[in-house]
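# A structural walkthrough
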Amino acid sequence: MSSLPEIPVYAKDLPKFEDRDKQEQKYTTCYMCACRCGIEVTVEDNNVRFIRGNRNHPINKGVLCAKGNAGIMKQNSPAKLQQPLRRKPGTERGAGEFEPISWDEALDTLTERLRHIRETDPTKLAFFTGRDQMQALTGLWATQFGTYNWAAHGGFCSVNMAAAGLYSIGHAFWEFGDPDWDRTKYFMLWGVAEDHASNPIKIGLEKLKRNGAKFVAINPVRTGYQAIADEWVGIRPGTDAMLALSMVHVLMDRGLIDQEFLVRYTNSPFLVVNTPGEKGDGLILRDDDGNPLVWDLEKEAWVNGLDPEVKPALVGEYTAPDGRPVKTVFRMMMEKYLDNRYSPENAARICGISAEDIERLALEIAHVAFRETITVDVEWTDWAGRKHDRFIGRPVSMHAMRGISAHSNGFQAARAIHLLQTILGTIDCPGGFRAKPPYPKHIPPGIKPAKSAAPNTPLSGPPLGFPTAPEDLAIDDDGNPLRIDHAYSWEAPVSAHGLMHMVVTNAVNEDPYPIDTLIFFMANMSWNSTMNTRDVMDMLREKRADGEYKIPHLVVSDAFHSEMVNFADLVLPDTTYLERFDTISMLDRPISEPDSAADSIRQPVIEPDRDVRPWQEVLVDLAGRLGFPAFTNEDGSRKFQDYKDFIINFEKSPGIGFLAGWRGENGDKDLKGEPNPNQWDRYIENGAFYEYHLPENTRFYKFANKDYLELSKESGWNGSSEPIVMELYSEPLQKFRLAGQGLYDGPQPDDPAIRERLVNYFDPLPDHYVPLEEQRIDDDAYPFHAINQRPMMMYHSWDSQNAWLRQILAQNFLYMNRRVGERLGIEDESWAWVESHNGKIRVQVKLMEGVNENTVWTWNAIGKQKGAWGLSEDANESQKGFLMNHLISELLPPKGDEKRITNSDPVTGQAAWYDLKVRIYPAGPGEEGIWPEFDRVKPLPGQKPASDTLRYHTHEAVNLRRSMTDVISRGEK
């Protein structure tokens, strides 16, 4: 072989690209979406040189997406808030007239106002947070203040996912559990856009492809993950429950169910009282100690269904000792799901999927579950002390998210998917859908929402919880809501995450009472995070007859100049995620995996160049100023010097704190132990995360695994080590249904419309019903479903201002099926009008094949108000980007004389973003450009000018010329 030519002289002495002596590598946790991936940040002269994934991190294992890499441009965004601001006296709210003030003045003023509220009526404070990752802290703060008017973003994001799982199987989709990516052979993805769990799902899908598993994507739109699926099922929006239950119909009809799993681990054998029209109908038959009863086939007697030696009848009807007729839960399931209503032929008409495909999909998952069973040969002990020599796996797994959740029938739809998994026995087994510590929880978790408040007194419990009966509702003696968002009222009894989307509307309407101060943290509630954008903007400016604002004082904390900032009376600027300490806690939203319990921290890798403070520090400071008991000593002095000190020394219960790693005085204890003064240092040394690997014998069947249940109790994840019995039949829902029927021995609503909701939608067995808004809309007038998707390279409005990510996507189109568009005379990239019952917008249309024919969709949160987010006057996002929000209402369409109530899931209060129905038609000659348009947002004092620079470097770029020979011979040296 001939030798390579001599390297040219000009390339021999390459310039020095990096001065490593000036650089430092720091580990922290990404915040460019909700994945919470581990990152290594290279810093040079207090600038980010580059960001890459942390290869040792349990979440992303070194993988990093476009968002994560673009954290550089988020850090350098001109939209960053620079200093505390106060609305100028005499100016109108929303006009954007601000004056800078000092932090001392800002916090002194706020403290004085909050102290007065706390001393008189703490419920006059409403504190709601957006997509933050420290809800354990903000919830504790609200509890200590004494207001139950607190919640986070979950009520308009994914509370249906969380609540459905926690009321059914003890864990849920998204952050509560994961498919067994390494072992599953058949995977169904329901309603997941590509921003969710972006890196973990991509890693998982790559494993599926490599292992030869089948991947079925169920989504009205074929983008992202759906595009690489082996089969795309283009379902009609809002019909997922019918598809899942039709597959249940097929499996039950063919006898393709895991009877042993149902008998041993679920409430399928429990006996239910069957006395329609009488009090107690539908409740589980119990003994004097409250234990559920079953019929033991060997003893031919009524026995405690929780007895480990019981041999219960799975199918049966009996007469109870007190003479009442009873039947097993599974018998009720057979009667319900074997009905022709759930047949594939009937489901096909509703879902837009052929009956043949529905039946085939059901039979495919059954084949894999029962004919391709796998085992993990590890000895384990179940809750009753019985020894097993292996874990049996049904290698079918599923995952779901907002496409299911954001409908007013989403709670029941998510339950239906869990039911489908459970009858196959695929819950927390090898190859199935697995729980991540601290889950699973007992069903439902034993936390009840607070429902009493008093001056200068912390709440007796947390603001959010899990009702099991009408007695748990946060209502007064007349049945009226106690909370400003109406969570835990008859309108939304199981609203485990609150109803953030209703706060402004209810506060302005003084329903149920006026408030004094509203604090929003990281919540763009005047723009893309609100339903009915134009009207909500008007509400924020609305005044009483005396000229005072109906929301008297509005405080906004954010790191960036969002549209919401301009409505604030007081602006408290937050840091970026690269400038602060933070915890991703086991008490909140941990980063655990099925085989390990894990949490992580953020640490400052950049020093702020602005007068900003982390919101965590502000909350700890305010708590000390206001004298919260958990934050002060007996003499009234502050207990914690700052946020770091709080995280180290605060204990929820003895030995349980915000961080689970390196506990104990010497840092030698896992999960539980005394405070460790060096805990932050240990996290930093370990790459900013902690991981406790579960022993092999505790990794599966956690709901019935003795060693895991004991670990769970010892670590504070569960209050007891009793087994977790999955509830396919939900007695709490039946109690609310009885209240609607007037048959409950306790609180009952008076409003006929509310009673009807409880009767129709609180089915104790998973059910399908037409979404509520759709029931009130003329399908002929509004024939299309309209939904949002989130692109893989954006997350909410945070990232559609990012100079790098904008180059990938800087405007959004309305996408519709090509064949349908051409039939309506709508050309590709033409302008069209889109109308709903609540509004009208003009958009640019693109035609595509991969979308359900009855569906139009767009990317979420791309459209911006002019002047916001540090973008230039001619930015595409404000010139060509639009919001679907203008078409949506936070209230259901009027119906007779009924009071208009929330456009939400009637069980959980989940905002029904995806129930929207629209009509679409071509725009006329000369009708181009987005509509509606809004006034330009004024620049803030000290705001940096918009930048047109799309490249970034920390020092002068090197202009290098190299020969190809040099490149080949010396690579990147």
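Residues numbered from 1 in each chain as written. Predicted model: local features only at pLDDT ≥ 70, side-chain atom pairs only at ≥ 80, totals over all residues. Heavy atoms only, no water.

## Observations concerning the overall build of the protein chain
As a reminder of what qualifies: Working definition: helices are DSSP H or I runs of at least four residues, strands are E runs of at least two. Numbering for both runs from the N terminus. Computation of the radius of gyration draws on C-alpha atoms, with the globule rule given as 2.2 Å multiplied by the number of residues to the power 0.38. A 1.4 Å probe and the Shrake-Rupley method give the accessible areas. Residues count as covered only by the protein chains that appear here.
Within the protein chain, the secondary structure is distributed over 25 helices and 34 strands. Computed over its C-alpha atoms, the radius of gyration of the protein chain comes to 28 Å, within 12% of the 30 Å expected for a compact globule of 973 residues. C-alpha extents for the protein chain along the principal axes are approximately 90 × 90 × 75 Å. Of the accessible surface of the protein chain, which amounts to about 34900 Å², a share of 45% is contributed by carbon and sulfur atoms.

## Let's talk about the sheet that holds strand β26 (residues 582-584)
Defined as follows: Only when DSSP finds a minimum of two bridges between them are two strands counted as paired. For helices, the fitted axis covers only the stretch in contact; all axes are lines through C-alpha atoms, and the angles between them, taken along N-to-C directions, range from 0 to 180 degrees.
Taken in spatial order, the three strands make up an open sheet running β26-β27-β28, and their pairing is antiparallel. Two strands in the sheet have a free side with no partner beyond their single neighbour: β26 and β28 (689-693). Averaged over all adjacent pairs, the angle separating strand axes in this sheet is 10 degrees, with direction ignored. Pairing of strand β27 (residues 596-602) with β28, which is carried by five bridges, proceeds in the antiparallel orientation. Of the residues in β28, the one forming a bridge with S600 is F689.

## Observations concerning the nonpolar core
What counts is decided by this rule: For our purposes a nonpolar core is just a set of buried Ala, Val, Leu, Ile, Met, Phe, Trp, Tyr and Cys residues, chained together by side-chain atoms within 4.5 Å. Exposure classes here rest on a 1.4 Å probe applied to the protein chains alone. A residue is buried below 20% of its type maximum, exposed above 50%, and partly exposed in between. Note on definitions: a residue-residue contact is assigned when non-hydrogen atoms from the two residues lie within 4.5 Å.
With 299 residues, the main nonpolar core has W141, M188, W190, M333, F520 and F646 as its most contacted residues. With ten residues, the top contributor of residues to this core is helix α7 (residues 240-254). Sequence-distant contacts of F520, that is, excluding residues within four places in its chain, are made with F128, M500, V504, M525, L554, V555, V556, S557 and M564.

## So, the pairing of strand β16 (residues 325-328)
Judged from the three bridges that link them, strand β12 (residues 271-273) and β16 form a sheet pairing that is antiparallel. Bridge pairing in β16 places V272 opposite K327. Relative to β16, strand β15 (residues 317-319) is paired through three bridges, and the arrangement is antiparallel. The residue of β16 that forms the bridge with Y318 is V326. Hairpin connection between β15 and β16: a loop of five residues separates the two successive antiparallel strands, and G323 in this loop has a positive phi of roughly 95 degrees.

## Topic: a negative patch on the surface
This is how the line gets drawn: Patch criteria: residues need more than 30% relative accessible area and no salt bridge. Like-charged residues are merged within 9 Å; nonpolar side chains of Val, Leu, Ile, Met, Phe, Trp and Tyr are merged within 5 Å. Salt bridges, as used here, are contacts in which a Lys or Arg side-chain nitrogen is within 4 Å of a carboxyl oxygen on Asp or Glu. Charged residues are defined narrowly, with Lys and Arg counted positive, Asp and Glu counted negative, and His plus the chain ends left uncounted. Taken as the charge centre is NZ of Lys, CZ of Arg, CG of Asp or CD of Glu, depending on the residue.
Taken together, the side chains of D477, D478, D750 and D751 make up a negatively charged region of the molecular surface. Structurally, D751 can be placed in the loop between α20 (731-741) and α21 (752-761). Residue D751 is classed as partly exposed on the basis of its relative accessible area of 34%.

## Let's talk about the packing of aromatic side chains
This is how it is decided: Side-chain rings of Phe, Tyr and Trp, where Trp is taken by its six-membered ring, are said to pair if the distance between their centres is within 6.5 Å; with planes under 30 degrees apart they count as stacked, over 60 as edge-to-face, and otherwise as tilted.
According to the stated counting rule, one finds 48 aromatic pairs in the structure shown. Consider the rings of W141 and F145, whose centres lie 5.6 Å apart with planes at 15 degrees: the pair is stacked. Taken as a pair, W141 and F145 lie in helix α4 (residues 135-145) at a separation of four residues, close to a single helical turn. Its relative accessible area of 1% is what places W141 among the buried residues. By relative accessible area, which is 0% here, F145 ends up buried. Judged by centre distance (5.7 Å) and plane angle (65 degrees), the rings of F650 and F658 are edge-to-face. Given the relative accessible area of 12%, F650 is considered buried. A connected cluster of aromatic rings, assembled from ring pairs, spans F127, W141, F145, F521, W615, F628, F631, F640, F646, F650 and F658.

## Description of the pattern of salt bridges
Scanning the entire structure with this criterion turns up 71 salt bridges. The residue D258 makes a salt bridge to R394 at a minimum N-O spacing of 3.0 Å. Residue D258 is located in the loop between α7 and α8 (259-265), and its partner R394 is located in the loop between β20 (391-393) and β21 (396-400); the two are separated by 136 residues in the primary sequence. Each member of the pair D258 and R394 is classed as buried.

## Describing the packing of α4 against helix α16 (residues 615-626)
The condition that has to hold: Roughly parallel means an angle under 35 degrees; roughly antiparallel means over 145; roughly perpendicular covers 65 to 115; every other angle is labelled oblique. Handedness of a crossing follows from how the near helix is turned relative to the far one, being left-handed for an anticlockwise turn of less than a right angle and right-handed for a clockwise one. Under this grouping Gly is polar, as are all residues other than the nonpolar Ala, Val, Leu, Ile, Met, Phe, Trp, Tyr, Cys and Pro and the charged Asp, Glu, Lys and Arg.
Two elements in contact, α4 and α16, have axes whose closest approach is 11 Å; the angle formed by their N-to-C orientations is 15 degrees. Of the possible angle classes, the one that applies to α4 and α16 is roughly parallel. In this structure, the crossing between α4 and α16 has a hand that is left-handed. Residue-level contacts link L137, T138, W141 and F145 of α4 to Q616, L619, L622, A623 and L626 of α16. Among the residues making up the contact of α4 with α16, the classes are represented as seven nonpolar, two polar and no charged.

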